[in-house]
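Remarks on the overall topology
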Amino acid sequence: IWKKLPEKDQQYVPRAISTLSYIYQQTGKYESSLPLHMETLASIIKKNGKESQEYAAELVALAGLYKEMGRYQECEPLFLEGMELQEKTLGKENLFYANTLNNMATYYEEIGSDDKAEKCYLLSKSIWENSSKKEHLANSPILNNLASLYRKLGRYQDAERLLLERKDLHEK
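Here we summarise the structure given alongside this text.

**Some points on the packing of helix H2 (residues 30-48) against helix H3 (residues 53-69)**
- Contact geometry of H2 with H3 gives a least axis separation of 10 Å together with a crossing angle of 165°. By the angle class used here, H2 and H3 are roughly antiparallel. The handedness of the crossing between H2 and H3 comes out as left-handed. On H3, the residues touching Tyr30, Glu31, Ser33, Leu34, His37, Met38, Thr40, Leu41, Ile44, Ile45, Lys47 and Asn48 of H2 are Glu54, Tyr55, Glu58, Leu59, Ala61, Leu62, Leu65, Tyr66, Glu68 and Met69.
- Broken down by class, the residue content of the contact of H2 with H3 amounts to 13 nonpolar, four polar and five charged.

**Some points on the packing of aromatic side chains**
- Enumeration according to the criterion identifies three aromatic pairs in this entry.
- Aromatic pair Tyr72 and Tyr107: ring centres 6.0 Å apart, planes at 45°, arrangement tilted. Linking Tyr72 in helix H4 (residues 72-89) with Tyr107 in helix H5 (residues 95-110), this pair joins segments that are 35 residues apart in sequence.
- One aromatic cluster in this structure is built from Tyr72, Phe79, Tyr107 and Tyr108.

**Quick word on the nonpolar core**
- The biggest cluster of nonpolar side chains holds 38 residues, and the ones touching the most others in it are Leu62, Phe79 and Met104.
- Not counting residues up to four positions away in its chain, the partners in contact with Phe79 are Val60, Ala63, Gly64, Thr100, Asn103, Met104 and Tyr107.

**Description of the side chain of Ser124**
- By the element assignment, Ser124 lies in helix H6 (residues 114-129).
- Residue contacts for Ser124: discarding those within four places in its chain leaves Ala98, Asn99, Leu101, Asn102 and Ile142.

**Some details on the side chain of Glu109**
- If you trace the backbone, Glu109 turns up in helix H5.
- Among the residues examined, Glu109 registers a relative accessible area of 17% and is labelled buried.
- Those residues in contact with Glu109 that sit more than four places away from it in its chain are Asp114, Ala117, Tyr121, Asn145, Ser148, Leu149 and Lys152.

**Section: H5**
- Taking 1.5 Å of rise per residue, the 16 residues of H5 would be expected to cover 22 Å, and the 23 Å separating its terminal C-alpha atoms lies within 8% of that figure.
- Burial of H5 is extensive: 12 of the 16 residues sit out of reach of the surface.
- Taken residue by residue, H5 has Leu95, Tyr97, Ala98, Thr100, Leu101, Asn102, Met104, Ala105, Thr106, Tyr107, Tyr108 and Glu109 as its buried positions.
- The backbone nitrogen of Phe96 has a side-chain oxygen 2.7 Å away, supplied by the residue at the start of H5, namely Asn94.
- Of the residues flanking the end of H5, it is Gly112, one or two places downstream, whose phi is positive at about 90°.

**Focus on H6**
- Spanning 16 residues, H6 covers 22 Å between terminal C-alpha atoms, matching the ideal 22 Å at 1.5 Å per step.
- Considered for burial, the residues of H6 that qualify are Asp114, Ala117, Glu118, Cys120, Tyr121, Ser124, Lys125, Ile127 and Trp128.
- Residues of H6 that are buried in the fold lie against H5, helix H7 (140-152) and helix H8 (156-171).

**What to know about the pattern of salt bridges**
- In the structure shown here, the tally under the stated rule is 13 salt bridges.
- Its salt-bridge partner being Glu165, residue Lys125 comes within 3.8 Å of it at the nearest N-O pair. Residue Lys125 is located in helix H6, and its partner Glu165 is located in helix H8; the two are separated by 40 residues in the primary sequence.
- Residue Glu165 is classed as partly exposed on the basis of its relative accessible area of 26%.
- Here Asp158 ties to Arg155 by a salt bridge, and the two come within 3.0 Å at their closest N and O atoms.
- When its relative accessible area of 31% is taken as the criterion, Arg155 is described as partly exposed.
- When salt bridges that share partners are traced, they join Glu118, Arg155, Asp158 and Arg161 into one network.

What counts and what doesn't
- Going along each chain's sequence as written, the residues are numbered from 1 onward.
- The model is predicted, so local features are restricted to residues of pLDDT at least 70 and side-chain atom pairs to those at 80 or more, both for listing and for counting; the totals for chains, interfaces and linings are taken over all residues.
- Note: side-chain values were computed over all heavy atoms of the structure, leaving out hydrogens and water.
- Structural elements are reduced to axes, namely lines fitted to C-alpha atoms, with helices fitted over the stretch in contact, and the angle between N-to-C directions of any two is expressed from 0 to 180 degrees.
- Put simply, DSSP H or I for four residues or longer makes a helix, DSSP E for two residues or longer makes a strand, and each gets a number counted from the N terminus.
- Angle categories: roughly parallel below 35 degrees, roughly antiparallel above 145, roughly perpendicular from 65 to 115, and oblique for all the rest.
- Handedness of each helix crossing follows the sense of rotation of the near helix against the far helix: counterclockwise by less than a right angle gives left-handed, clockwise gives right-handed.
- Working rule for contacts: check all heavy atoms of both residues, and any pair within 4.5 Å makes them a contact.
- Under the scheme applied, nonpolar residues are Ala, Val, Leu, Ile, Met, Phe, Trp, Tyr, Cys and Pro; charged residues are Asp, Glu, Lys and Arg; polar residues are all the others, including Gly.
- Stacked, edge-to-face and tilted are the three classes for Phe, Tyr and Trp ring pairs, Trp counted by its six-membered ring, which pair at centre distances within 6.5 Å; planes under 30 degrees apart are stacked, over 60 edge-to-face, the rest tilted.
- The term nonpolar core refers to a set of buried residues drawn from Ala, Val, Leu, Ile, Met, Phe, Trp, Tyr and Cys, joined through side-chain atoms within 4.5 Å.
- Only protein chains enter the area calculation, which uses a 1.4 Å probe; residues under 20% of their type maximum are buried, those over 50% are exposed, and those in between are partly exposed.
- Expected helix span is given by 1.5 Å per residue-to-residue step, counting one fewer step than there are residues.
- Within 3.5 Å is the distance limit for a polar contact, defined as a pair of N or O atoms, with the added protein rule that one can donate a hydrogen and the other accept it, and that residues adjacent in sequence qualify only through two side-chain atoms.
- The salt bridge criterion pairs a side-chain nitrogen of Lys or Arg with a carboxyl oxygen of Asp or Glu, the two atoms within 4 Å.

Keep in mind these values describe shape, not function.
Written as structure tokens, this is what we have:
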């Protein structure tokens, strides 16, 4: 159906395919999601090449799918490549970059690399704190994730501080 669209509407195809892939991923249909991610990447490469933010975002999305599937060896290189591209195309202070750091941190935490996870969480948190959206609820998962890591590491006072910060954010 995508290929039958008029040329002017082809620009929307990668996003539509990616959205469908995300829906499959969220419902646990990983084997249906994976080929759609690959199709999205191919479409983006054809349209924009490999140096675009759109390509970086799809690499990060694919890394997230691999993380959920437990395919960790394939996950990290995609996260790193996506982050490098986001850094080039958006800059290190961009909130999309901060979210990718948060996602990378959850990956590191899953594989037991707590030091790397903490560094990613702290950098992500710092980007949010230095942005104009410091008090936006989208910052909340980062606070929660870092607090969970601290709780796991027995750093209860640090976890409490972050959770109180998160609570304040939700009450505003």
